[in-house]
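# Remarks on the overall topology
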Amino acid sequence: MQALWMVLASLFFATMAVCVKVAGAWFSAAELVFYRGLLGMLFMWLVARQQRVSLRTAYPGMHAWRSMIGVLSLGAWFYAIAGLPLATAMTLNYLSSVWIAAFLVGGALLAWNPRGGAPRQGPLALAVLAGFAGVVLMLRPTIAQDQALAGVVGLLSGITAAFAYLQVMALGRLGEPESRTVFYFAVGSALAGGAGMALTGVSDWDWAHALWLLPVGLLASLGQWCMTRAYSHGATLVVANLQYSGLVFGAAYGLLLFDEAITPTGWLGMGLIVASGVAATVLRERAAPNSPAEEH
């Protein structure tokens, strides 16, 4: 059942990405972030109430920092979805596992004492290099010249998602319930999205277009809820690696709904990224058992 919950969560996140791509034709990234946060606040408040979890926190500063980084990652991802093939945008965001491994390797090298022997980060370093090679293979044949900015922003979404994940791990070690952490992330999304709308303006309202905003928030909340269920009872390593099923759903959606064909080189790059992400997750689990879920 844990594996089934994670596959279902990945399906919800991939379907949310489809709605973001469609709604992105009429709404800015700031508006999408705002409405996702607003609906997410309501959903997570109901979940916390059902779980009898108080939303009062002793670490408001840490939640604010996590929300700020997470909102930056979310906005960058939504921008990339609007400007790139769906599978490409999703893969760049799922690269967060590889970036986390890169941070671990970098931290080990900075703390390395030559008298203590060679650093033991060889497998992680290989996973990182394989992931970056996958990025080169996937982006070079896939992205047109006018999509270069969206590609860079997509890479940024993966980097900032990794930073946000490290902050979620820190909050988890302090005993913060995941429902509380996700609620404050939704609050930050609504505030940041609202600020962005105040600066960039609001799109013309059309109910036929606005209806696409509802599934964005609903599917994101359902995906988060299913992911929480997936991590609730052990088997975290198997469950964590099943998150990459979202890339399969994303590629299928892109092909069926948007006629976005992926070249053989692009498939090879995506496969390298998935393999390196799985390897990085396995190696990370040894260093930090029972790590929390990565949000997408």
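Residues numbered from 1 in each chain as written. Predicted model: local features only at pLDDT ≥ 70, side-chain atom pairs only at ≥ 80, totals over all residues. Heavy atoms only, no water.

Below, the discussion takes up the packing of helix 3 (residues 60–83) against helix 7 (residues 148–173). Put simply, helix 3 and helix 7 touch, their axes get as near as 7 Å, and they point 155 degrees apart. In terms of orientation, helix 3 and helix 7 fall into the roughly antiparallel class. In this structure, helix 3 meets helix 7 at a crossing whose hand is left-handed. (Axes fitted to C-alpha atoms, helices over the stretch in contact; angles between N-to-C directions. Helix = DSSP H or I, 4+ residues; strand = E, 2+ residues; numbered from the N terminus. Parallel < 35°, antiparallel > 145°, perpendicular 65-115°, else oblique. Left-handed = near helix turned anticlockwise from the far one by under 90°.)

A few words on helix 12 (residues 245–258). Between the first and last C-alpha of helix 12 there are 19 Å, a value that for 14 residues agrees with the 20 Å anticipated at 1.5 Å per step. Turning to helix 12, its buried residues number three or more, namely Ser245, Gly246, Leu247, Gly250, Ala251 and Gly254. Just downstream of helix 12, aspartate 259 is the residue with a positive phi angle, here 55 degrees. (Expected span 1.5 Å × (residues − 1). Buried < 20%, exposed > 50% of the residue type's maximum accessible area, 1.4 Å probe, protein only.)

Before going further, it helps to examine the nonpolar core. By size, the foremost hydrophobic cluster in this structure holds 44 residues, and its most contacted members are Met16, Val20, Leu32, Trp77, Phe78, Ile81 and Met90. Put simply, the parts of the chain that give this core at least two residues each are helix 1 (2–23), helix 2 (29–50), helix 3, helix 4 (86–94), helix 8 (178–200) and helix 10 (213–230). Tallying contributions element by element places helix 1 first for this core, with 12 residues. Beyond its immediate sequence surroundings of up to four residues, methionine 90 is in contact with Ala14, Ala17, Trp77, Gly246, Leu247 and Gly250. With nine residues, the next largest nonpolar core counts Trp99, Ala102, Ala162 and Ile273 among its residues. (Core = buried A, V, L, I, M, F, W, Y, C linked by side-chain atoms within 4.5 Å. Contact = heavy atoms within 4.5 Å.)

This next bit is on the packing of helix 3 against helix 8. The interhelical angle for the contact between helix 3 and helix 8, taken along N-to-C directions, is 60 degrees, at an axis separation of 8 Å. In terms of orientation, helix 3 lies oblique with respect to helix 8. Considering only the axes of helix 3 and helix 8, their crossing is right-handed. The residues of helix 8 that touch helix 3, namely those facing His63, Arg66, Ser67, Gly70, Val71 and Leu74, are Arg180, Thr181, Tyr184, Phe185, Gly188, Ser189 and Ala192. Among the residues making up the contact of helix 3 with helix 8, the classes are represented as five nonpolar, six polar and two charged. (Nonpolar A, V, L, I, M, F, W, Y, C, P; charged D, E, K, R; others polar.)

Counted according to the given criterion, the structure contains two salt bridges. Glutamate 260 is the salt-bridge partner of lysine 21, the closest N and O atoms lying 3.7 Å from each other. Within this pair, whereas lysine 21 is found in helix 1, its partner glutamate 260 is found in the loop between helix 12 and helix 13 (264–287), the two being separated by 239 residues in sequence. You'll find lysine 21 and glutamate 260 in the same group, each marked buried. (Salt bridge = Lys/Arg side-chain N within 4 Å of Asp/Glu carboxyl O.)

Take the packing of aromatic side chains next. Summed over the entire model, instances satisfying the criterion amount to six aromatic pairs. Relative to tyrosine 184, the ring of phenylalanine 183 has its centre 5.4 Å away and its plane inclined at 75 degrees; by these criteria the two rings are edge-to-face. Ring centres of tryptophan 205 and tryptophan 207 lie 5.5 Å apart, and the angle between their planes is 90 degrees; this geometry places the pair in the edge-to-face category. On the basis of relative accessibility, which here comes to 42%, the residue tryptophan 205 falls in the partly exposed class. For tryptophan 207, a relative accessible area of 62% gives the class exposed. Each member of the aromatic cluster is reached from another via a ring pair, and the members are Phe27, Phe34, Tyr35, Trp205 and Trp207. The ring of phenylalanine 185 carries the charged tip of arginine 66 above its face, separated from the ring centre by 4.3 Å. (Phe/Tyr/Trp six-rings, centres within 6.5 Å; stacked < 30°, edge-to-face > 60°. Lys NZ or Arg CZ within 6 Å of the ring centre and 35° of its normal.)

At arginine 52, a residue that is not glycine, the phi angle is positive and equals roughly 60 degrees. By the secondary structure assignment, arginine 52 is in the loop between helix 2 and helix 3. Backbone geometry places aspartate 259, a non-glycine residue, at a positive phi of 55 degrees. With respect to the helices and strands, the residue aspartate 259 is situated in the loop between helix 12 and helix 13. You can call aspartate 259 exposed: its relative accessible area is 66%.

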